[in-house]
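Coordinate analysis (summary)
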Amino acid sequence: DLGILEIRNSTIYLKRPIRCKGVLNIRNCTMIAQDFSERDMIIMEHAKTCSITYSEFNGANSAGVFRACGTRMNLFHCIFRNCKGGSAIYDAYLSVISECIFSYCQDGAVYCHSSKISDSTFVNCTGKTGAAIRMEGKSSEVNGCRFMHCISYYKPGAIDLSGSRHIYNCTFTNCDPQ
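Here goes a summary of the coordinates provided.

What counts, and where the lines are drawn
- Residues numbered from 1 in each chain as written.
- Predicted model: local features only at pLDDT ≥ 70, side-chain atom pairs only at ≥ 80, totals over all residues.
- Heavy atoms only, no water.
- Phe/Tyr/Trp six-rings, centres within 6.5 Å; stacked < 30°, edge-to-face > 60°.
- Helix = DSSP H or I, 4+ residues; strand = E, 2+ residues; numbered from the N terminus.
- Buried < 20%, exposed > 50% of the residue type's maximum accessible area, 1.4 Å probe, protein only.
- Pairing = 2+ DSSP bridges.
- Axes fitted to C-alpha atoms, helices over the stretch in contact; angles between N-to-C directions.

As for the packing of aromatic side chains
Two numbers describe a pair of aromatic rings. These are the distance of the centres and the angle of the planes. All chains considered together, the criterion is met by 9 aromatic pairs. Centroid distance phenylalanine 57 to phenylalanine 80: 5.2 Å. Interplanar angle 15°. Geometry classified as stacked. With phenylalanine 57 in strand β8 (residues 56-58) and phenylalanine 80 in strand β11 (residues 79-83), the pair connects residues that are 23 residues apart, well separated along the chain. Across the pair, exposure class does not vary: phenylalanine 57 and phenylalanine 80 are buried alike.

Listed below in structure tokens is the structure:
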């Protein structure tokens, strides 16, 4: 057993990444990168599970937030802002992201595999492809999301889905390849 890391009702200033291979639960927290020299604030390598609710993550224009490396993540009502040098969520697998806000994610907001993203907002995100979302896999779904000013340097703009493409009830405002 690899253990459980549970963080609740806290404000944390990170100078080094949190590393987790077991279970990670975060609720009602704020995490801010401070004088950060690593790429991502939280690194999970095939962790058992990850549940994040009602929390805010600020990369302070110097870091991404999660390097999930095949981890199943459940995120509800979270805010990700000012990510640079890494994505807000990178390499998550079979994840569920709901009612989250991604703002100023400068290297793409979410990169994941066979996941479901719903009722989330993406504002001023940039990236090479899929400035807001880049997703692979047969069971990928994006539903009820809002995209504003999400610009990719190459095609296709705000969303880049490979495999099956299920995009429903989304709105796009000023989201184009540059």
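Some remarks on the pairing of strand β4 (residues 23-27)
Where strand β1 (residues 4-8) and β4 come together, 5 bridges link them in parallel fashion. Looking at the pairing, glutamate 6 lines up with asparagine 25 of β4. Summarising the sheet, β4 and strand β7 (residues 49-53) pair through 5 bridges and their orientation is parallel. For arginine 27, the partnering residue across the bridge sits in β7 and is threonine 53.

So, the sheet that holds strand β2 (residues 11-14)
Sheet architecture is open: 8 strands sit in the order β2-β5-β8-β11-β14-β17-β21-β25, paired in parallel fashion. Where the open sheet ends on each side, the last strands, each with one partner, are β2 and β25 (171-173). Neighbour-to-neighbour, the strand axes of the sheet open up by a mean angle of 10°, direction not taken into account. In this sheet, β11 lies alongside β8 in parallel orientation, the contact comprising 3 bridges. Each residue of the ladder has a partner; that of glutamate 56, found in β11, is isoleucine 79.

Describing unusual backbone geometry
Phi angles above zero are rare outside glycine, and alanine 60 is one such case at about 50°. When its relative accessible area of 38% is taken as the criterion, alanine 60 is described as partly exposed. In this model, asparagine 82 sits at a positive phi of 55°, which is unusual for a non-glycine residue. Topologically, asparagine 82 is positioned in strand β11.

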